[in-house]
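Observations on chain architecture
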Amino acid sequence: MIKVKIVRVNKKAHLPVYATAHAAGMDVAACLDEPVLLEPFSTALIPSGFAIELPEGYEAQLRPRSGLALKHLISLPNSPATIDADYRGEVKVILVNYGKESFTVAHGDRIAQMVVARVERVEFEEAEELSFSQRGDGGFGHTGISAVHFRTH
Ligand SMILES: O=c1ccn([C@H]2C[C@H](O)[C@@H](COP(=O)(O)OP(=O)(O)OP(=O)(O)O)O2)c(=O)[nH]1
Ligand SMILES: [Mg+2]
């Protein structure tokens with residue numbers, strides 16, 4: 001386990017925790033003075049009440065929780081959201097309501113999950129051309145394989 005510094009920027013904050021022994025993500029809870037009403041097809045920036053200091057070479061990703069997505073169509077429009085290692089501000093979650101019903105977020109509601117991951121950084125070397133590959137510049141479905149080929153019935 002890597003130690004990561006965390007600061008409560010709001011004393012009411014629920015700090016993120018792994019819900020189970022091998023969970024990839026820590027649940028992130030809303031830190032609110034009053035509930036936020038998220039109308040259909042609208043977004044809200046929800047404070048978490050904490051700030052973190054990731055080690056160099058790491059990022060944190062904010063991702064939706066599948067239960068909220070399945071039951072209420074609540075998601076993160078910028079998922080996976082990036083928390084940079086040099087970001088020292090409060091972590092905030094952009095929520096979007098893709099559903100037809102409005103949705104209320106209350107203080108302490110677990111609204112997202114945060115996965116800490118290693119990131120590589122690269123240096124580009126400008127060149128005249130790129131080496132041959134079988135795919136070449138084909139993409140966006142050019143191999144023509146659609147799900148129907150894998151159906152068994
Ligand atoms: O959902 C998010 C996305 C970002 N951030 C914070 C951490 C991140 O390090 C910083 C910048 O995010 P990003 O690079 O995605 O935003 P940008 O629109 O490119 O802004 P900037 O110009 O500040 O990088 O904002 C959050 O708290 N929540
Ligand atoms: Mg940026």
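Since the structure is predicted, the reported quantities are computational estimates derived from the model, not experimental observations.

Take the UniProt feature "domain: dUTPase-like" (unreviewed entry) in the protein chain next. When the UniProt feature table is mapped onto this chain, "domain: dUTPase-like" (unreviewed entry) is found at residues 12–144. In residues 12–144, the share of helix is 5% and the share of strand is 35%. The end C-alpha atoms are 53 Å apart.

Moving on, we get to the site of ligand 1. Taken together, Leu62, Asn78, Ala81, Thr82, Ile83, Asp84, Tyr87, Glu90, Val91 and Lys92 make up the full set of residues adjacent to ligand 1. A distance of 2.5 Å separates an oxygen atom of ligand 1 from a polar atom in the side chain of Asp84. A distance of 2.6 Å separates a nitrogen atom of ligand 1 from a polar backbone atom of Lys92. Taken by itself ligand 1 offers 560 Å² of open surface, and the protein chains cover 49% of this. Considered class by class, the residues forming the shell around ligand 1 number five nonpolar, two polar and three charged.

Bringing a nonpolar patch on the surface into the picture now. On the surface, a cluster of nonpolar side chains totalling about 350 Å² of accessible area is made up of Phe41, Leu73 and Tyr98. Within the element layout of this structure, Tyr98 appears in the loop between β10 (92–97) and β11 (103–105).

What follows covers the pattern of salt bridges. Considering all chains together, one arrives at four salt bridges under this definition. A salt bridge links Lys12 to Asp33, with the shortest nitrogen-to-oxygen separation between them at 2.7 Å. Of the two residues, Lys12 is situated in the loop between β1 (5–8) and β2 (17–18) and Asp33 in the loop between β3 (26–29) and β4 (36–38); the sequence distance between them amounts to 21 residues.

A few words on the nonpolar core. The biggest cluster of nonpolar side chains holds 27 residues, and the ones touching the most others in it are Ile52, Leu62, Val93, Leu95, Ile111 and Met114. Elements represented by at least two residues in this core include exactly β3, β5 (43–47), β6 (50–53), β7 (58–63), β9 (81–83), β10, β11 and β12 (110–118).

Basis of the calculations
- Residues numbered from 1 in each chain as written.
- Chains lettered and ligands numbered in written order.
- Predicted model: local features only at pLDDT ≥ 70, side-chain atom pairs only at ≥ 80, totals over all residues.
- Heavy atoms only, no water.
- UniProt positions renumbered as here; feature names shortened; annotations may be inferred.
- Helix = DSSP H or I, 4+ residues; strand = E, 2+ residues; numbered from the N terminus.
- Near = heavy atom within 4 Å.
- Polar contact = N/O pair within 3.5 Å; in protein donor to acceptor, adjacent residues only side chain to side chain.
- Areas by Shrake-Rupley, 256 points an atom, 1.4 Å probe, with all protein chains shown as cover.
- Nonpolar A, V, L, I, M, F, W, Y, C, P; charged D, E, K, R; others polar.
- Patch = residues over 30% accessible without salt bridge, like charges linked within 9 Å, V, L, I, M, F, W, Y side chains within 5 Å.
- Salt bridge = Lys/Arg side-chain N within 4 Å of Asp/Glu carboxyl O.
- Core = buried A, V, L, I, M, F, W, Y, C linked by side-chain atoms within 4.5 Å.
- Buried < 20%, exposed > 50% of the residue type's maximum accessible area, 1.4 Å probe, protein only.

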